[in-house]
Structures are given as C-alpha cells and as structure tokens.
Amino acid sequence: MSNKEFTLTILPGDGIGPEAMTEVRKVIGWLEDSEDLSFTLHEDDIGGAAYERYGEPLADETLDKCRASDAIIMGSVGGQQWDNVDYNKRPEAGLLKLRKELQLFANLRPALVFDALIDASTLKPEIVKGLDILIVRELTGGVYFGEPRGIEDLGNGQRRGVNTQVYETYEIERVGRVAFDLARKRGNKVHSCEKANVMESGKLWREDMTALHKAEFSDVNLEHMYADNCAMQLLRNPSQFDVIVTDNLFGDILSDAAAMLTGSLGMLPSASLGAKGVAGLYEPVHGSAPDIAGQGKANPLATILSFAMALRYSLDCGAQADKIEQAVQALLTKGIRTPDIMANGCTEVNTSQMGDALIKELS
Ligand code: NAD
C-alpha cells in the first residue's frame, strides 16, 4: 500500500510532446517502484491532437479530467498542419482555454544554469555561474486581457489600435503572495518589477506589493525595480536576483530574457498555478519542435523537470523533486547529451536513451 496517491492528467500534445512524455512516464514508473508513491494517470489530448480527435483543441471532457486532478503535465502544442484552422480552434487556443478555465494566474519560470552547461549561455561563465532565478509572472490579467481593446477605423484613412493595461488589488495581492511564499523557501528575496514611474497600474502594483509585504511578509527582503532596469540587470548582474514578480506583459519579456541566460530551450520547465486546491499546469517552455519531431532528437529534460516542479509545488513531494533535479545535474556532468546540448567530448544520446540514463542515475 503506497503512502501517497495522486491523480495526474497527462496531455502529451503535438510534435515532440508525446516523445518527451514517454520519458516522463518512465520517471513516474520509477517513483512508483522506488519511492512509495502511487499515480492514477488520466491520458488525453490537447492542441492539434485534440482538434483531430474532438474537433476542438481542448474538449470539455478533457477539462473535467484536469479539474479532477492533483496536477496536469503537458507536452507541447502546435504544428503547421493547423495553421489555417479558425483562430479559436488552433492548438494554442486549447492551452489558453486551459489556463483561463482553471484561472492559473501565476506562471513560474525558473532560470537555472547547470554547471555542466555553462558554456551554452551567451553570457560569460563568471556572470551566469550558479544562477538560480525564479520569475513569477501574472498570467490572467493586464494588457493581454484588458478592455477596451481592438482596432478602430477612424474614417480618415487612419486606424487606432487599443489595448488596456488594467490591474485590481486582488490580482496583485494573489500573485504577490505566491512570490513571497516561494521566496521564503529559496533565497528570501523578491524583486517586484513594474513601471511605476510612467504607468498608474505600475504605481498601484508598487503600493499594493508594499502593503502586502508589510502586512504578511515583512521577513522577506523586498526590492522594487523598474521593468526596463530589470531587463538590463538580468544581463549585467543576474545573480542579484532570487524571485522576480511582475505583470503579464513585462513577465512575458523578462522570463524569455532570463531563460536565454541558460542557453538551452530543451532544459527549461514551467508551472502555472491557480488558487489552492486547483490543479497546477506543468509544461516545458519550448514548443512542439516540428523540425525534429519523430526523430528521437528531442531533449525530454524540460518536460521531466516540469514534472519535478509538479512534485514540488502541487504534490508536496519536494524530496523526490530534488532527487530528479540532482540526477539531471549528474547526467549532464557525466556528459550525457541530446543533440541540442551536445558538446565536444560528450556522449550523444537519443530521447529514449536520455530517459533510460536518468532512470539508471536515479536508481
Ligand atoms: P519550438 O520551441 O518548438 O522550437 C524552437 C527550436 O528549438 C527548434 O529548432 C526546435 O527543434 C528546438 N527545440 C525546442 N525544444 C526542443 C527540445 N526539447 N529538444 C531539442 N530541441 C528543441 O518553437 P517554434 O519552432 O517557434 O514553434 C513550433 C510550434 O510550437 C509552433 O506551432 C508554436 O506555436 C508552438 N509553440 C508551442 C508552445 C507550447 O506548447 N507552450 C510554446 C512555443 C511554441
């Protein structure tokens, strides 16, 4: 009898998603055999695969399964074959619907530089060595969703494009709480980034973060930083950061910049979290990589590390997440590499061999 039982929804998706997910299943098998955990897996489709099966990129029955899970592990979505499908039926629409329906308002993107991959960064090794940043991006509000929005014909040969940046206190506080809570388990430091100098929504963001900090998290170090300065500091001196919390638009840009400090798309996991009791969504940062799909070239580690985040943040199995992350570190140090992170003197392996090597390392 296992002491901990979990229900996971597994959504492999398109392109290299299914290949990477096969390797995640090996890790799940290892956890069941060796760590006294037990998993019920609900397998389903999302994205293009779901469009082919259900006529839409996220079927209601799939959403129901997600709602009834402890965590959702997703591969990736997208592919040229669905380029001409209606906008709301495209693969990406399935992912947006999932985030929206579950109100996953906090997007966690770690930027971690593995020592063995330090040369993959475009920055100097001494700048990125030991780098471990967590960006917490607000995901369901701000300028991507604010009203009014649209393109208006002004009738004089001119048009006007409008988007609205809007935040309410509860949105700022709930993502702030996630960031402060996470900082307590890490380096105890939060940088809150906005443009309070030129935007009212930024001023509110700064005031609400300051009040939340004072009321609930005064033991955590809080610094405010303008988002443009943050972009510059990420390149100049990234190791000053522990947790960065920011809005949807700035987070979109800053998390991509931070991710690239690590230099390897095939290694980057992410999590999207909602209210307590709602299943979190865990997925790699990369897309469906149609150029290498089906060739055994995909690096499965970003998806496996996303699963490790699920263990830590949704399943309260931090010890097992640590084991997986340490095994990945050890594999890289031994020079076991998929083609995307291959370097001189290392051993090139395919997707499946990478998964097998990880299980061997874990064992
Ligand atoms: P991509 O991330 O799929 O690929 C970019 C490049 O990185 C490609 O050369 C690819 O081969 C390589 N790459 C990506 N992941 C890799 C891995 N795990 N191992 C080895 N190499 C890897 O981005 P793209 O090419 O711009 O987009 C392809 C499709 O993915 C599009 O349909 C896009 O809309 C979709 N997409 C989906 C997501 C998602 O599912 N969250 C994210 C980004 C893009």
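Residues numbered from 1 in each chain as written. Predicted model: local features only at pLDDT ≥ 70, side-chain atom pairs only at ≥ 80, totals over all residues. Heavy atoms only, no water.

### Considering the domain arrangement of the protein chain
For step 1, the next point in the chain: Split by domain assignment, the protein chain resolves into domain 1 (1-105 + 274-363) and domain 2 (132-266).
For step 2, the next point in the chain: If you average the C-alpha positions of domain 1 and of domain 2, the two centres end up 26 Å apart.
For step 3, the next point in the chain: Listed as interface residues are 12 residues of domain 1 and, on the opposing side, 12 residues of domain 2.
For step 4, the next point in the chain: Across the domain 1 to domain 2 interface the summed buried area is about 1,000 Å²; carbon plus sulfur atoms make up 66%.
For step 5, the next point in the chain: Of all residues in domain 1, the largest losses of buried area upon contact with domain 2 belong to Phe105, His286 and Tyr313, amounting jointly to 50% of the total for that side.
For step 6, the next point in the chain: Summed over the shared surface of domain 1 and domain 2, the result is 0 salt bridges. (Domains from an automatic or database assignment. Contact = heavy atoms within 4.5 Å. Buried area = accessible area lost by both parts, 1.4 Å probe. Salt bridge = Lys/Arg side-chain N within 4 Å of Asp/Glu carboxyl O.)

### Description of the sheet that holds strand 9 (residues 221-226)
For step 1, the next point in the chain: Ordered by their spatial adjacency, 10 strands build an open sheet running 2-1-3-12-11-4-5-10-8-9, and the pairing between neighbours is mixed. Strands with a single pairing partner mark the edges of an open sheet, and in this sheet they are strand 2 (37-43) and strand 9. Taken pair by pair, the neighbouring strands of this sheet meet at an average axis angle of 25 degrees, ignoring direction.
For step 2, the next point in the chain: As paired elements, strand 4 (residues 106-112) and strand 11 (residues 269-273) share 3 bridges and run antiparallel to each other. In the strand pairing of strand 11, Ala106 is matched with Leu273. (Pairing = 2+ DSSP bridges. Helix = DSSP H or I, 4+ residues; strand = E, 2+ residues; numbered from the N terminus. Axes fitted to C-alpha atoms, helices over the stretch in contact; angles between N-to-C directions.)

### Quick word on helix 9 (residues 248-262)
For step 1, the next point in the chain: A rise of 1.5 Å per residue sets the reference length of helix 9, with its 15 residues, at 21 Å; its end C-alpha atoms lie 22 Å apart and thus fit the reference within 8%.
For step 2, the next point in the chain: Along helix 9, the residues classified as buried are Asn248, Phe250, Gly251, Leu254, Ser255, Ala258, Ala259, Leu261 and Thr262. Seen from one end, helix 9 has its buried residues packed into an arc of 155 degrees, which puts them on one side. (Expected span 1.5 Å × (residues − 1). Buried < 20%, exposed > 50% of the residue type's maximum accessible area, 1.4 Å probe, protein only. Arc of directions from axis to C-beta.)

### Comments concerning the pairing of strand 8 (residues 189-194)
For step 1, the next point in the chain: Of all 6 residues in strand 8, 5 are buried, a share of seventy percent or more.
For step 2, the next point in the chain: Two strands pair when backbone bridges link them, and strand 8 and strand 9 are joined in this way by 6 bridges, in the parallel orientation. Bridged to Lys189 within strand 9 is Asn221.
For step 3, the next point in the chain: In this fold, the crossover linking strand 8 to strand 9 by way of helix 7 (residues 200-216) has right-handed handedness. (Right-handed = clockwise from strand over helix to strand, strands pointing away.)

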